[in-house]
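Commentary on secondary and tertiary structure
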Amino acid sequence: MSWGNQIKEKVSFFHMNAWKRRPNANIFYSPGVDRCFAVDTFDPYTAFEVAKILSSKMPAIAVIVLHYEDRTDVNNNNVTNFTISDKQVIGGSAGLLFSRQTPVFRKMQKPVLEICESMPLDYMPGSDGYSTFMEFSEYTKFVIRCWHTTKLFDMVHNFLPMEEFANEYLSGEVPQDMCIPPDSSNSDKTASALGPKNEIRRILYNSDTIDEAMNKIADMWRNNNTPHSFPMRKMFYVVLNHPNYPEPRDLGETQSETDLTHYSGYLL
Amino acid sequence: MNLDTKVYYTSVNWDGAEANTFWNNTYNEVGAGGKFVIDFARRINPSRFSTRDSSIWTLPWPNEILPKYKLVDYNPNFTGTFFEASDSKAMDFARRIDENNEKFAIMYSGGLDSTVITTALIKNLTKEQLKNVAICTSVQAVVENPNYWRKFIFGKFEIIDSMKYKYDTLLERGYTPVTADDGDCLHGTVLGLNFYHAWEQKIGDKLTAEQKAHLRNNLHKLSDKDTHYSVFKDALIEYFQYGDNPWWPVPKNPNPDKTFGRKLYDKYALNAETASCPVVSLHDFFWWLIFNVKMINCGVRGAMYYNDRYDMNIAINKVENWYLWPEYQQWSMNNNNNGQKIGYSAGTYKKVVRDYIFDLDKNAWYRDFKLKLESMGQNSVRQTVDTTVFPAPMHRFGITTDYEVLDVLDVNVQNYIKHHLSNFKVTWSEE
C-alpha cells in the first residue's frame, strides 16, 4: 500500500467531513426515540467519544458516518426531524436496537437519512418525552463543543501526559505503586487527582444540564488553579467561545497560584 | 549569623509570594550592584552562581568555594576519553561495594546523563555487585526511554519512586544517592542550545538586519576553536537581557535596566577570560558558564531542595555527583571543539554520551534522535515539607560555611542580604 494519496485509501471513507465530501457527516441517532439528535462536522473519533460521554443518559447511541451521496440539508437546527432508514445496521454482533448501554459506530454504505413529518407518537411536542429529548439534543451539541475544546487545550498545554502513557503504552511495565500524575497541571493537591481533561469528561458524563456542567467546570478550575492549569483554563474559555459561559470574573482576575512547598518544578 | 558570615551557596529564588515581596522591596532599597543581582534572577531563574576556580566572579556576600566542588587543576596533557572516565568511575563503585558493602541509589531520569551511569554500572559491575544498586526514578523516566527501561531496568533492579521519596529518605535507608544532575556541566548548557537553535525567535526582532546576517553567517562556527565567542557579542548581549513579560513566578521589573544584558555579558566574559583552562569558541563560552559558575548549583540543589531532614553537611558531601569524578572533569576541559560535545543540531548534543550508551543498548533511535529534556523540571516531586520545622524549599536562600541553611524569610537573613546587596558594586562593567 503506497499511502501516498490518502484520499483514495479506504480509511478516508470514514472521514466523510474531510476533503469537502460533505458537511455534518457524523450524525447521532437514538434507537429508542428513532430520531437523530445532533450532527458533527469534525472528526469521527471525537464524535464517538462524545457518544460515550452521553451514554450515561441514553443507551445505544449510534454515531453514523453518512454516505457522501446522502442528503446534506441536515444540520443542528433541524436534526431532530430526521431518522435513518436502516434500523438493522449490523456491526459486530448486534443491530442497533439490540446493542448495549455503550454507543456504537457505523459507516453507511448508502444514503439512509429520512426526514419525518412529525415526532414519534410517544415523543410528540408537549409530552415529557419530547422535552427530555430536546434537552438532550441541546446538551449533546454542547458536549460536542465542550469536549473538542477540552481535547484541544489538553493537546496544546498538557506536556506531560504521563497517565496516558503509563496506562496505554506501558501497561504492566510501570511498578504499580509508582506515582503517575494525570497531566502537567500539577493540580493533584488542591483538587482531585484526575487533572482538568479527565475532570471535565467526568463532569460532562455526570451532569444533567449545560448550566450544571459549566458551574462544575468553573469550580474545577477554581480548585485546580496552578501555573500549569492557567493556560489550559484560558484556552478552554477562549476556544469554547460560549456566549452564556465566559470565563468567570473571579477566575479571570485571579493569578494562578501554586504550593511550592509541594511542587518542586521550579527548583531548577 | 552575623554580617560577616561566609556562605558556600546562595540562591535568589522567586516563589510568587512572600519571597517575591522581599526581593521586590529590597530591589527598591539597594544600588546598581544589588539591583543587578536581583535582575540576574529575572533572566535566569533562580540565580545561583559562583566560581569553582580562581577566575573572577564577584558575589555580594562573603563566600568560599564549597570544598567538594573546587575545580581540579587543569592538565593540558590529559588524554583520557569519556569512555574511560565512565568505566573507571563505575569501577570505583565496584571497589566501594566490595570493600564497604556500600549501597547506591541511582537517580535515573531516562536522559542521557543518568543513562550513562546505569550503562557504566551494567557494563562494569558483576551481577552480585549490581545487587547493591537501586534505581530511583519516575514514570517520566520510563516514558523518556521505554526501550532501555524494558531491556535493562524493569525487573532487574529495585525501583524507588523519585516522585515520592527524596534524598533524605534515601540517606535514611542507607543509600548513597547518585545524581547525574551535573552531567550537563561537562558538555554545555540549555542556555547555549536555546541561543544556537532559537535565537531568531528569542531576539530576532531586537537585532538589525546586519547583525542578523552576521549571526547567520557565523553560527556554524559555534564550536570552532579559532572563532572567539566575542564574534557573537552583540547578539549575546541582547540574548542576556531579561524580558518584559516574565513567566510566573518571576515578577516584571517596572523600571527595567536596559543595560543588564551588557552587564551580564561582561560578567560572563570576564570570568571566561580569567578561566583556568582555554575558553575560546561560542560553545566554550556557554560550556564554561555551566562547567564553572553553575556546577555547584547542579551539584548541591538535590541536597538543598530535595532533602529536609538530613544534616546539610552530611547530605551535600554524601550525595555522589557522578560527573565530579576528576577524569570527567579533565576530559571536559580538554575536549572542546572536537565534535564530542556538540555538532550542528540539537540531536547531536552530547555526541560522545550517545555513543557510550549505544555501545550497550544498540538503540539507534535514542542515539540519533534523543533531545535534551529538562528532567528536573519534569520530575515534579510531590514534596511534603513540614514548614513549621523546615524552611519551604523556595525560601532556602543559602548555606553557610558551617552548613547552616538560611531562610530568606528570617529577619536576620534579610538584614544580611540587604546589607551586602547595598554594598555591592558593578566593577566588571560600565554603569
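Everything below is about the structure printed above this text.
Quick look at the structure, then. From a predicted model like this one, the values you see are computed outputs, not experimental measurements.

The next point concerns unusual backbone geometry. A cis amide bond, omega -5°, links Asn45(B) with the succeeding residue Pro46(B). Among the secondary structure elements, Pro46(B) is positioned in the loop between helix 2 (32-43) and helix 3 (82-100). The backbone of Trp19(A) sits at a positive phi, close to 50°, despite the residue not being glycine. The topology assignment puts Trp19(A) in the segment before strand 1 (26-30). For Ala60(A), which is not glycine, the phi dihedral falls at a positive 55°. Here Ala60(A) shows up in the loop between helix 1 (44-54) and strand 3 (62-65).

Turning next to the packing of aromatic side chains. Considering all chains together, one arrives at 51 aromatic pairs over all chains under this definition. With a centroid separation of 5.8 Å and an interplanar angle of 75°, the aromatic rings of Phe48(A) and Phe105(A) are classed as edge-to-face. On the criterion of sequence distance, the pair formed by Phe48(A) in helix 1 and Phe105(A) in strand 5 (residues 104-107) is long-range, its members being 57 residues apart. Taking the ring centre of Trp57(B) as reference, the NZ or CZ of Lys267(B) above it sits at 4.4 Å.

To continue, consider the sheet that holds strand 5 (residues 175-179) of chain B. Consider a sheet: its strands pair through backbone hydrogen bonds, and that pairing is either parallel or antiparallel. All names here are of chain B. Read from one edge to the other, the open sheet built from 5 strands follows the order 4-3-2-5-6, with strand pairing classed as parallel. Only two strands of the sheet have a single partner each, and these edge strands are strand 4 (158-161) and strand 6 (320-321). Relative to strand 6, strand 5 runs parallel, the two being bridged by 2 bridges. Residue pairing in the sheet places Thr179 in a bridge with Asn321 of strand 6. Set on the sheet, helix 4 (residues 112-124) makes contact with strand 2 (103-108), strand 3 (133-137) and strand 5; between it and strand 2 the angle comes to about 140°.

What follows deals with the side chain of Ser429(B). Residue and element names in this part refer to chain B. Its location among the elements puts Ser429 in the segment after helix 21 (411-423). Polar side-chain contacts of Ser429 include one of 2.9 Å to the side chain of Arg262. A distance of 2.5 Å separates a polar atom in the side chain of Ser429 from a polar atom in the side chain of Asp266. Ser429 has contacts with Arg262, Lys263 and Asp266, leaving out every residue within four places of it along the chain.

About the thresholds
- Residues numbered from 1 in each chain as written.
- Chains lettered and ligands numbered in written order.
- Predicted model: local features only at pLDDT ≥ 70, side-chain atom pairs only at ≥ 80, totals over all residues.
- Heavy atoms only, no water.
- Helix = DSSP H or I, 4+ residues; strand = E, 2+ residues; numbered from the N terminus.
- Phe/Tyr/Trp six-rings, centres within 6.5 Å; stacked < 30°, edge-to-face > 60°.
- Lys NZ or Arg CZ within 6 Å of the ring centre and 35° of its normal.
- Pairing = 2+ DSSP bridges.
- Contact = heavy atoms within 4.5 Å.
- Axes fitted to C-alpha atoms, helices over the stretch in contact; angles between N-to-C directions.
- Polar contact = N/O pair within 3.5 Å; in protein donor to acceptor, adjacent residues only side chain to side chain.

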